[in-house]
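The chain contents come next:
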Amino acid sequence: MRRAALAQFALAALGGLTSAVAFGAEAGVAVAYGACAAAALSAVLLWHERQSAGHPEWDQHRLLKVFIRASLERLFMLVGLLAVGLGVLKLAPLPLLVGFALAQFGWLAATVLSRRR
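Residues numbered from 1 in each chain as written. Predicted model: local features only at pLDDT ≥ 70, side-chain atom pairs only at ≥ 80, totals over all residues. Heavy atoms only, no water.

**Remarks on the overall build of the protein chain**
A tally of helices and strands in the protein chain yields 4 helices and 0 strands. If you list the helices and strands of the protein chain from N to C, you get α-α-α-α. Taken along its principal axes, the extent of the C-alpha atoms in the protein chain is 50 × 35 × 15 Å. Each of the 117 residues in the protein chain was classed as buried or not, and the buried ones make up 30%. Taking the intrachain contacts of the protein chain between residues at least 6 apart in sequence as the baseline, contacts between residues at least 24 apart amount to 74%. Total accessible area computed for the protein chain in this model is approximately 7500 Å², and 71% of it derives from carbon and sulfur atoms. Counting 11 positive and 5 negative side-chain charges, the protein chain places the averaged centre of each group 7 Å from the other. (Helix = DSSP H or I, 4+ residues; strand = E, 2+ residues; numbered from the N terminus. Buried < 20%, exposed > 50% of the residue type's maximum accessible area, 1.4 Å probe, protein only. Contact = heavy atoms within 4.5 Å. Areas by Shrake-Rupley, 256 points an atom, 1.4 Å probe, with all protein chains shown as cover. Lys, Arg positive; Asp, Glu negative; His and termini not counted. Charge placed at Lys NZ, Arg CZ, Asp CG, Glu CD.)

**Overview of the nonpolar core**
By size, the foremost hydrophobic cluster in this structure holds 7 residues: Ala12, Ala35, Ala37, Ala38, Leu41, Phe100 and Ala103. Of all elements in the fold, only helix H2 (25-53) and helix H4 (93-116) reach the threshold of two or more residues within this core. A total of 4 residues in this core trace back to one element, the largest contributor, which is H2. Discounting residues that sit within four places of it in the chain, Phe100 has contacts with Gly34, Ala35, Ala37, Ala38, Leu41 and Leu78. (Core = buried A, V, L, I, M, F, W, Y, C linked by side-chain atoms within 4.5 Å.)

**A closer look at helix H3 (residues 60-88)**
In this model, H3 (29 residues) spans 40 Å end to end at C-alpha, consistent with the 42 Å of a helix rising 1.5 Å per residue. By the burial criterion, the buried members of H3 are Val66, Ala70 and Gly85. In this structure, the buried residues of H3 make contact with H2 and H4. (Expected span 1.5 Å × (residues − 1).)

**Side note on the confidence of the model for the protein chain**
Low-confidence regions, as indicated by low pLDDT, have predicted coordinates that should not be scrutinised in detail. For the protein chain, per-residue confidence averages 90 on the pLDDT scale, and 98% of positions sit at 70 or higher. Here helix H1 (residues 2-23) is the element of the protein chain with the lowest mean pLDDT, 87, and H3 is the one with the highest, 94. (pLDDT = per-residue confidence, 0-100.)

**Details of the packing of H3 against H4**
For the pair H3 and H4, interaxial distance at closest approach is 10 Å and the crossing angle is 145°. Remark: the crossing between H3 and H4 carries right-handed chirality. Seen from H3, the contacting residues are Leu78, Leu82, Gly85 and Leu86; seen from H4, they are Pro93, Leu96, Leu97 and Phe100. Of the residues assigned to the contact of H3 with H4, the class counts are 7 nonpolar, 1 polar and no charged. (Axes fitted to C-alpha atoms, helices over the stretch in contact; angles between N-to-C directions. Left-handed = near helix turned anticlockwise from the far one by under 90°. Nonpolar A, V, L, I, M, F, W, Y, C, P; charged D, E, K, R; others polar.)

**Focus: the side chain of Ser42**
When you line up the elements, Ser42 lands in helix H2. Each residue touching Ser42, except ones within four places of it in the same chain, is listed here: Gln8, Arg74 and Trp107.

**Brief notes about the environment of Ala25**
Turning to its location among the elements, Ala25 is positioned in helix H2. In this structure Ala25 comes out as exposed when scored by relative accessible area, which is 57%. The spatial distance from the C-alpha of Ala25 to the C-alpha of Arg69 is 37 Å, given a sequence separation of 44 residues.

And the structure:
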């Protein structure tokens, strides 16, 4: 999971730089912001995973509560980050969502590759 979060931050930098060169600085910032938003959501997921791993005594009922809470936290965090990016910072929507999707793909690829080892 840690590798996946690091891959997302790497994709944020790479995607932001590539977009800035190809489409301009505004697009680069939007792509980097979208990728960083996805990485922040992964960091929250990683934090909850480590928290639950540190408590082997928790039963399935408690873990289900943690899962639901983590899901709601990530949803509200996503809505908040997108609202800041689109509303406050006035970033372009398409590059922002492309950066977010790119980072999510990076998380998926890093997770699949790490499980194959």
